[in-house]
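Here's the letter readout for the chains.
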Amino acid sequence: MDSKLDKLRDVILPTLKCIHCDGTDLRLPSDESLHCAGCGAGYRVHQGIPIMLKDPERALEFSEDVTAGNRYSGQWLDIIREAGDGLVLDFGSGNNADSFDNVVMMDVFAFPFVDVVGEGERLPFRDGCFGAVISGAVFEHVQDPFLCARNLHKAMKSGGRIYIETAFLQPYHAYPHHYFNMTTRGVSKVFEAFQMDEVGVRLWQGPLFTLSW
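Reference entry: report on the structure contained in this document. (Residues numbered from 1 in each chain as written. Predicted model: local features only at pLDDT ≥ 70, side-chain atom pairs only at ≥ 80, totals over all residues. Heavy atoms only, no water.)

**Comments concerning the overall build of the protein**
Step number 1: Along its length, the protein carries five helices and nine strands.
Step number 2: Order of helices (α) and strands (β) in the protein, N terminus to C terminus: α-β-β-β-β-α-β-β-β-β-α-β-α-α.
Step number 3: Its C-alpha atoms give the protein a radius of gyration of 17 Å, within 12% of the compact-globule value 17 Å for 213 residues.
Step number 4: Its C-alpha atoms put the protein at 50 × 40 × 30 Å along the principal axes.
Step number 5: Split into buried and exposed, the 213 residues of the protein put 44% on the buried side.
Step number 6: Sequence separation of at least 24 residues holds for 60% of the intrachain contacts in the protein that already meet a minimum separation of 6. (Helix = DSSP H or I, 4+ residues; strand = E, 2+ residues; numbered from the N terminus. Rg over C-alpha atoms; globule rule 2.2 N^0.38 Å. Buried < 20%, exposed > 50% of the residue type's maximum accessible area, 1.4 Å probe, protein only. Contact = heavy atoms within 4.5 Å.)

Shown next as C-alpha cells:
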C-alpha cells in the first residue's frame with residue numbers, strides 16, 4: 001500500500017462496522033473522520049488510523065512503557081502465509097513494524113504501525129471478514145476475555161484459523177492493565193466457540209522463564 005490512508009480506503013473500511021449500532025455503512029468524508037450513515041456516529045481518523053472507541057482520547061494517551069513492538073516470529077508468519085490473499089486480524093498488535101497488505105493490525109492505542117484502534121469487547125469489524133486471527137500476549141490484558149473470544153469468532157469466516165498466545169505463569173505486567181492469566185483448561189473454556197486443535201504451554205510461558213523474569 002502507498003500510505004495508511006490508501007490501506008484505510010481499500011482494505012480497512014470494507015471490514016469496519018459501527019460500534020454504536022453495528023451498522024456497516026461507514027463512509028470517509030475526509031482524511032480525518034469516519035461517519036456512520038445508519039446512526040450518524042462519527043469517528044476520528046488520526047494519521048490514517050480510525051479510532052473506533054467511545055472515548056477516542058484514550059487511544060492517544062499512552063507512554064513508552066506500553067509501546068510493545070514485537071516482530072512476527074515463525075508461527076505467526078506461517079499463519080499469515082497460509083492465509084494467502086485472505087485478511088488476517090492481528091488482535092492487539094502493538095507497534096509491530098512488520099507490514100503485510102492483508103494483515104489488519106488492531107490495538108487500543110494509535111501506535112504508528114496500527115491500522116485500527118478498537119477493543120475486543122466492542123470489536124469494530126463485520127461478521128465473517130477474516131480468514132485468520134492472531135493474537136500474542138493480549139488476552140491477559142482484556143477485561144472480558146469471554147466476550148472478546150465470542151466477538152473474534154463472529155468476525156472470522158467459516159473454517160478460519162485462530163492462533164492465540166496468552167499468559168500462563170507470567171508475572172504481572174500492565175500494558176496498560178493486567179487482568180487474567182489462564183491455564184490450558186481456562187483457554188479451552190474461553191475459546192469454547194472454536195474447534196480446538198491444540199492447547200499447550202510454550203517454553204517462554206513456563207516456570208523457568210517466569211523465574212528469570
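**Describing the pattern of salt bridges**
Step number 1: Tallying each qualifying case throughout the model produces 14 salt bridges.
Step number 2: One salt bridge in this structure joins Arg9 and Asp6, with 3.6 Å as the shortest N-O distance. Here Asp6 and Arg9 lie together in helix H1 (residues 4–12), a separation of three residues that amounts to about one turn.
Step number 3: A relative accessible area of 23% means that Asp6 is categorised as partly exposed.
Step number 4: When the shortest N-O distance is used, the salt bridge between Glu119 and Arg58 registers 3.5 Å. Taken together, the positions of Glu119 in the loop between strand E7 (116–117) and strand E8 (130–136) and Arg58 in the loop between strand E4 (49–50) and helix H2 (74–82) put the pair 61 residues apart, joining distant regions of the chain.
Step number 5: With a relative accessible area of 15%, Glu119 lands in the buried category.
Step number 6: Three or more residues joined by partner-sharing salt bridges are found here, namely Asp55, Arg58, Glu119 and Arg122. (Salt bridge = Lys/Arg side-chain N within 4 Å of Asp/Glu carboxyl O.)

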